[in-house]
Amino acid sequence: MTSFYSLNFDDLKSLLAQNGLPEAGAALLYNWHYKKNQRTTLLNQKLSQKSRAFIYSELNFDLPEINFVSQSQDKTVKFLFKLHDGRTVESVLIPFQQKYTLCLSSQVGCGMNCAFCYTGKQGFTRHLATEEIVGQFMQAKQWLTENRPGDDRVLNIVFMGQGEPLHNFDSVKKAVEIFLSQYGLSLACHKITVSTSGYLPGLERWKNEMPNVNVALSLHSPFTEKRNELIPINRKYPLADVVKVIESIPEGEKRFATYEYLMIDGFNDALDDAEATGRLLAGGKAFVNLIPFNPFPGSIYKRPSREKIEAFRDVLEKFNVPVTIRTTKGDEILAACGQLNTRS
Ligand code: SAH
Ligand code: SF4
């Protein structure tokens, strides 16, 4: 059986058409499941008997199961999802005023082996299917509706959970198309951000294939040696090539590129690191997000002091590069950036 949540709108329309059914059923199904968030298979009388029979026999509406929910003082929620094969992944709802950003996973584990990342320590198990990515959203949204009524708006989606999203390009792209579809969730392009460690083959495809969503690059150092140490794929896909491709992605009205800079005490937080980063990004349309390192069991790095982070920011501002310092949320439940790990 095909998962309904694996089909973008055009896939669903063609599937119905190939089976001699009216294409209008696609809009009804999308509306019912995504806009109205209904879980039961369509009880909608507008669908013909024949269409309903086809849907019941050919499509499944299974979603990943919520296995465990952790909630922190600051209202961050971490979900542990159990997938059909017993593997697990996590997603995190990060509160912002009365709304949430949902941080999604794209793989079970990750093969990029970054030195500072708890997920990287887990290794790569498998890619997530589109329905497992969309399913994290559907379940998190439903949980909010049931548990925090009136406070259940998911404003942004970020692909910053477990996995390297561009290593799983096809499934991530299709999930993005589903999130954007005007017949369903209707999210705006600028509400979705896909973060990458610099996986060049995925970025090359992005130029022509990805809808116009935001890209974030995990920069972490402008220096080859240091970046090699932190992000091993930098040896294969050097930063200069990665930045060139990001800059060549056509800029839509709302899309913007963010450079994430993980700050590690005594490693990449000195003023000359800041100067070199400023030189690399000055004059472009870059926007920098400074992320203080989040520790995890067994990690060897430390977070710099607030003063050092602010001094780094001040240098970037001299280069007229807009900077924000990310506030850490959910670290008491290991839900902050880089703290997700579901090795079982
Ligand atoms: N694989 C993608 C997206 C997931 S990681 C990527 O690497 O970009 C999301 C962000 O969390 C990345 O910027 C990553 O570098 C950062 N991160 C990883 N481990 C971290 C840690 N221990 N502390 C803070 N940020 C971390
Ligand atoms: Fe993978 Fe991103 Fe972690 Fe690197 S930082 S190991 S790419 S999840």
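The coordinates are above.
Only a predicted model underlies this, so the values are computations on that prediction, with no experimental measurement involved.

## Some thoughts on the overall build of the protein chain
- What the protein chain contains, in helices and strands, is 11 helices and 14 strands.
- Dimensions along the principal axes, computed over C-alpha positions, put the protein chain at roughly 70 × 40 × 35 Å.
- For the protein chain, with 344 residues in total, the buried portion stands at 55%.
- Counting only contacts in the protein chain whose residues sit at least 6 apart along the sequence, the fraction spanning at least 24 positions is 66%.
- When the accessible surface of the protein chain is split by element, carbon and sulfur atoms take 49% of a total near 15000 Å².
- The average position of the 40 basic charges and that of the 37 acidic charges among the side chains of the protein chain differ by 3 Å.

## Describing the layout of surface pockets
- Size it by volume and the second largest pocket reaches roughly 340 Å³.
- Considering the residues around the second largest pocket, the lining is formed by 17 residues, among which Phe-137, Lys-141, Val-154, Leu-185 and Leu-187 are closest to the centre.
- Taken together, the elements giving at least two residues each to the lining of the second largest pocket come down to helix H2 (24-35), helix H5 (130-147) and strand E9 (153-159).
- Residue contributions to the lining of the second largest pocket peak at four residues, all from H5.
- Considered class by class, the residues forming the lining of the second largest pocket number eight nonpolar, four polar and five charged.
- Residue contributions to the lining of the second largest pocket reach at least three from each of two domains, namely domain 1 (2-60) and domain 2 (65-333).

## Section: helix H6 (residues 169-180)
- Helix length check: H6 (12 residues) gives 16 Å between terminal C-alpha atoms against 16 Å at 1.5 Å per residue, within 8%.
- The element H6 is largely enclosed, with a buried count of nine among its 12 residues.
- Buried residues of H6: Phe-169, Ser-171, Val-172, Lys-173, Ala-175, Val-176, Ile-178, Phe-179 and Leu-180, and no others.
- Summarising the contacts, the buried residues of H6 are in contact with H2, H5, E9, strand E10 (192-196) and helix H7 (200-209).

## Considering unusual backbone geometry
- Positive phi outside glycine occurs at Lys-75, with the angle close to 80°.
- Note on placement: Lys-75 falls in the loop between strand E3 (65-71) and strand E4 (77-82).
- At Asn-320, a position not held by glycine, the phi torsion is positive, near 60°.
- Tracing the chain through its elements places Asn-320 in the loop between helix H11 (306-318) and strand E14 (323-325).

## Thoughts on the site of ligand 1
- In the vicinity of ligand 1, 21 residues are found, and the nearest of them are Phe-116, Gly-163, Ser-195, Ser-218 and His-220.
- For ligand 1, an oxygen atom lies 3.4 Å from a polar atom in the side chain of Glu-260.
- Asn-294 is positioned with one of its backbone polar atoms (N or O) 2.9 Å from a nitrogen atom of ligand 1.
- Here ligand 1 loses 96% of its free accessible area of 530 Å² to cover by the protein chains.
- Within the residue set of the shell around ligand 1, elements represented by two or more residues are E10, strand E12 (257-263) and strand E13 (287-292).

## So, the nonpolar core
- Core analysis: the biggest nonpolar cluster contains 97 residues, and Phe-116, Phe-159, Trp-206 and Leu-290 have the highest contact counts within it.
- Leave out the neighbours within four places in its chain, and Phe-116 touches His-220, Leu-230, Ile-231, Leu-262, Ile-264, Phe-293, Phe-296 and Tyr-301.
- In this structure, Cys-103, Val-158, Met-160 and Ala-335 belong to the second largest nonpolar core, which totals eight residues.

What counts, and where the lines are drawn
- Residues numbered from 1 in each chain as written.
- Chains lettered and ligands numbered in written order.
- Predicted model: local features only at pLDDT ≥ 70, side-chain atom pairs only at ≥ 80, totals over all residues.
- Heavy atoms only, no water.
- Helix = DSSP H or I, 4+ residues; strand = E, 2+ residues; numbered from the N terminus.
- Buried < 20%, exposed > 50% of the residue type's maximum accessible area, 1.4 Å probe, protein only.
- Contact = heavy atoms within 4.5 Å.
- Areas by Shrake-Rupley, 256 points an atom, 1.4 Å probe, with all protein chains shown as cover.
- Lys, Arg positive; Asp, Glu negative; His and termini not counted.
- Charge placed at Lys NZ, Arg CZ, Asp CG, Glu CD.
- 1 Å grid on protein atoms, 1.4 Å probe; cavity = no way out; pocket = protein on both sides within 12 Å on 5 of 7 lines; lining within 4 Å.
- Points joined across faces, edges and corners; volume = space filled by probe spheres on them.
- Nonpolar A, V, L, I, M, F, W, Y, C, P; charged D, E, K, R; others polar.
- Domains from an automatic or database assignment.
- Expected span 1.5 Å × (residues − 1).
- Near = heavy atom within 4 Å.
- Polar contact = N/O pair within 3.5 Å; in protein donor to acceptor, adjacent residues only side chain to side chain.
- Core = buried A, V, L, I, M, F, W, Y, C linked by side-chain atoms within 4.5 Å.

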